[in-house]
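# Overview (structure and organization)
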Amino acid sequence: MTFNDVIGQSSVKARLQHMTATGQVPHAMLFTGPEGCGKMPLAMAFACHLLEQGPRAEQGKAMIQKMQHPDLHFTYPTIKRSKFNAAYAPISEDFAAEWRQMMEGGPYFTATQWIDTIKEGQKKAVITVAESNSLNRKLSLLSSQGGYKVSIIWLPELMNIDCANKMLKLLEEPPSQTVFLLVSEEPERLLETIRSRCQEIRLRRLADADIAQALVSERHIDKEQAQRIAHIAAGSWTRALQMLVADDESTEHLEAFKQLMRLAYSRRLTELKAWAEEQKALSRDALDARLKYFLRLTRESFVHNFQRPQLNYLTPQEHDFVSRFAPFINERNIIGIAKLFETCRTHIAQNTNTHIVCFDMAMRVIMLLRK
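Residues numbered from 1 in each chain as written. Predicted model: local features only at pLDDT ≥ 70, side-chain atom pairs only at ≥ 80, totals over all residues. Heavy atoms only, no water.

## Focus: the packing of helix α14 (residues 284–304) against helix α15 (residues 316–325)
The N-to-C vectors of α14 and α15 enclose an angle of 60 degrees; their axes lie 9 Å apart at closest approach. When the axes of α14 and α15 are compared, the pair comes out oblique. Here the hand of the crossing between α14 and α15 comes out right-handed. Taken together, the residues of α15 that come into contact with α14 (itself represented by Tyr-293, Arg-296, Leu-297, Glu-300, Ser-301 and His-304) are Glu-318, His-319, Phe-321, Val-322, Ser-323 and Phe-325. (Axes fitted to C-alpha atoms, helices over the stretch in contact; angles between N-to-C directions. Helix = DSSP H or I, 4+ residues; strand = E, 2+ residues; numbered from the N terminus. Parallel < 35°, antiparallel > 145°, perpendicular 65-115°, else oblique. Left-handed = near helix turned anticlockwise from the far one by under 90°. Contact = heavy atoms within 4.5 Å.)

## Things to note about the pattern of salt bridges
For the structure on display, the rule yields 24 salt bridges. The closest approach of N and O atoms between Lys-292 and Glu-35, which form a salt bridge, is 3.9 Å. Residue Lys-292 is located in helix α14, and its partner Glu-35 is located in the loop between β1 (28–32) and α2 (39–51); the two are separated by 257 residues in the primary sequence. Using a relative accessible area of 37% as the deciding quantity, one classes Glu-35 as partly exposed. One salt bridge in this structure joins Glu-300 and Arg-299, with 2.9 Å as the shortest N-O distance. Linked by salt bridges that have partners in common, Glu-186, Arg-189, Asp-288, Glu-342 and Arg-345 make up one network. (Salt bridge = Lys/Arg side-chain N within 4 Å of Asp/Glu carboxyl O. Buried < 20%, exposed > 50% of the residue type's maximum accessible area, 1.4 Å probe, protein only.)

## Re helix α10 (residues 223–233)
The periodicity of an α-helix, 3.6 residues per turn, causes residues three or four places apart in sequence to face the same way. Those residues of α10 that fall on the buried side of the exposure criterion are Ala-226, Ile-229, Ala-230, Ile-232 and Ala-233. Across the axial projection of α10, the buried residues extend over an arc of 165 degrees, all falling on one side. A positive backbone phi angle near 55 degrees is found at Ala-234, which sits one or two residues after α10. (Arc of directions from axis to C-beta.)

## Comments concerning the pairing of strand β4 (residues 178–183)
With six of six residues buried, β4 is to be regarded as a mostly interior element. Of the two faces of β4, the one lined by Thr-178, Phe-180 and Leu-182 and the one lined by Val-179, Leu-181 and Val-183 are each fully buried. When strand β3 (residues 149–154) meets β4, the two strands line up parallel, connected through six bridges. Looking at the pairing, Ile-152 lines up with Leu-181 of β4. In this fold, the crossover linking β3 to β4 by way of helix α7 (residues 161–172) has right-handed handedness. (Pairing = 2+ DSSP bridges. Right-handed = clockwise from strand over helix to strand, strands pointing away.)

## With respect to the sheet that holds β3
On the basis of which strands lie adjacent, the open sheet formed by five strands has the order β2-β3-β4-β1-β5 and parallel pairing. Each of the sheet's edge strands pairs with one partner strand only, and the pair in question is β2 (72–75) and β5 (199–202). For this sheet, the mean inter-axis angle between neighbouring strands, taken without regard to orientation, is 20 degrees. Relative to β2, helix α6 (residues 129–139) is tilted by about 175 degrees, and along the sheet it contacts β2, β3 and β4.

Written out as structure tokens, the structure reads:
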């Protein structure tokens, strides 16, 4: 993995390379930015770049290329599978095979893709305190190649409170020659004390031109289609990739949104109750992804009213619905609907009963749509 494998973000790449060249690498860095902008690929490329600086780096070159270097450690959310002992707390190593398989598909992947790979029922993915203990043991060892030890923590906002507190101690008293690279989709959910210990590397959304160029060179898409996809992707390479295949998940989210809004507007309470019941089949992470989709489509519907097509980022299927639905989203209810979906996301994360959350949400949508 090299910086050349990362789409766009040239200024951030130059900044990271300058840090290494001048010996000013912080011991903890927090990569943030919109989904699909390349935070994880950039962290992985920087990790490889750091590992190549060691005195015996040549010996580990093949391992670096395969992202299997002994001085490179990945931490990511896991679930407690039914086969685990009741007292056992899972760690990242328990899912190493699934993690390697996902990385083989490329460095651009989403939290939803990972959760779908490991999910079991409605169990919520978290980073456990056992993971922080395991990582502490690994990082206490000397570097195998005499250079940096690098810890990449993906989605640190999913650390449980015990893990977060132990991770904070690690960041406050880092082992020698260790660099922590935290990659977060929602940094506001992190402990403020953790954020304060990290130097933030904030990435912007990808330029449409960079996405279009990558689609042409890497996916062999014709230029006109690549430009159209790049605009709809709204700065996200992962969304651009999803548009190249039949995106069943987005189709399901769209259908769920359409059904909710139609039933709510018609005040069909019995059917809304059944709709809320159907959402129980989703895992909490999948339901969170659905609510994020609802938020996006609500925003797109509001913007559509301004008749500025360049500001909308909709697939043809979404555009067909939004063009008819947009008048129902206005300045009187847009903030209320957005806050409602965000509040529901919070309640789902707090393990509140999903049927109650979804049915209450549906009842409130009825009132908001009439404003």
